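This is what each chain is made of:
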Amino acid sequence: MSSVRLRTAREDDYPTVASSLERWWDDRPIMMMLPQLFFRHFAATSLVAEQQDHLVGFLVGFPSPAVPAEAHTHFIGVDPALRAQGIGAQMYLAFFDIARTNGCDAVTAVTSVGNVASQNFHLRMGFTALPAPDGGQVWPDWDGPGQHRVRFRREIPPCERA
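Quick look at the structure, then.

Conventions we followed
Here the residue numbering is sequential within each chain, running from 1 through the sequence in written order. Given that this is a predicted model, residues contribute local features only at a pLDDT of at least 70 and side-chain atom pairs are listed and counted only at 80 or more, while totals for whole chains, interfaces and linings are drawn from all residues. Side-chain figures throughout are based on the complete set of non-hydrogen atoms in the structure, without hydrogens or water. Each helix corresponds to a stretch of at least 4 residues labelled H or I by DSSP, and each strand to a stretch of at least 2 residues labelled E; elements are numbered beginning at the N terminus. Burial classes follow relative accessibility: with a 1.4 Å probe on protein chains only, a residue under 20% of its type's maximum area counts as buried, one over 50% as exposed, and anything between as partly exposed. By definition, a salt bridge exists where a carboxyl oxygen of Asp or Glu is found within 4 Å of a side-chain nitrogen of Lys or Arg.

1. Details of the environment of proline 157
Inference 1: Within the secondary structure, proline 157 is located in the segment after strand E8 (149-155).
Inference 2: Look at proline 157 and you get partly exposed, because its relative accessible area is 41%.
Inference 3: Distance in space between the C-alpha atoms of proline 157 and arginine 100 is 8.3 Å, their sequence separation being 57 residues.

2. Looking at the pattern of salt bridges
Inference 1: Under the criterion given, the structure shown has 10 salt bridges.
Inference 2: For aspartate 12, the salt bridge is made with arginine 10, and the minimal N-O distance between the two is 3.0 Å.
Inference 3: The class of arginine 10 is partly exposed, set by a relative accessible area of 40%.
Inference 4: As a salt-bridge pair, arginine 100 and aspartate 97 come within 2.7 Å of each other at their nearest N and O atoms. With arginine 100 and aspartate 97 both in helix H3 (residues 87-101) and 3 residues apart, this pair spans about one turn of that helix.
Inference 5: Classification of aspartate 97 as partly exposed rests on a relative accessible area of 26%.
Inference 6: Via salt bridges that share partners, Arg5, Arg7, Arg10, Asp12, Asp13 and Glu50 belong to a single interconnected network.

Structural data, given as structure tokens:
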């Protein structure tokens, strides 16, 4: 397997990412969750993973304008054929550095209740599930009516990366 190269996202990456979205998510209608505006306004803090000049992953994240010490990952995806090979972890480690450079000391993420693989990935990456108001892990209607989510947070100490 060739090495994976990370680079900062660009707005012109959007069509390639968009064409991969539903294919990578088993044809679920998720396109509306990642409009092109993310690649225009948050490209400098988002990442694209390439292998032999082909998209194999992406991470869309940004420092929170409302919570200055916090960065948020809006969307992360890895080609299903290449999952469990460290690409997602590589992107997150790079994003932690981006967040730290932007003055953040924590990163948050949200995943759907049914996406247990994503939940487990976030836990392996050192995230903690945030307790919902009822004490459980499911945040009802977080992304709109009927759109329940599991929310995560991870502290990023200043000198974490070797």
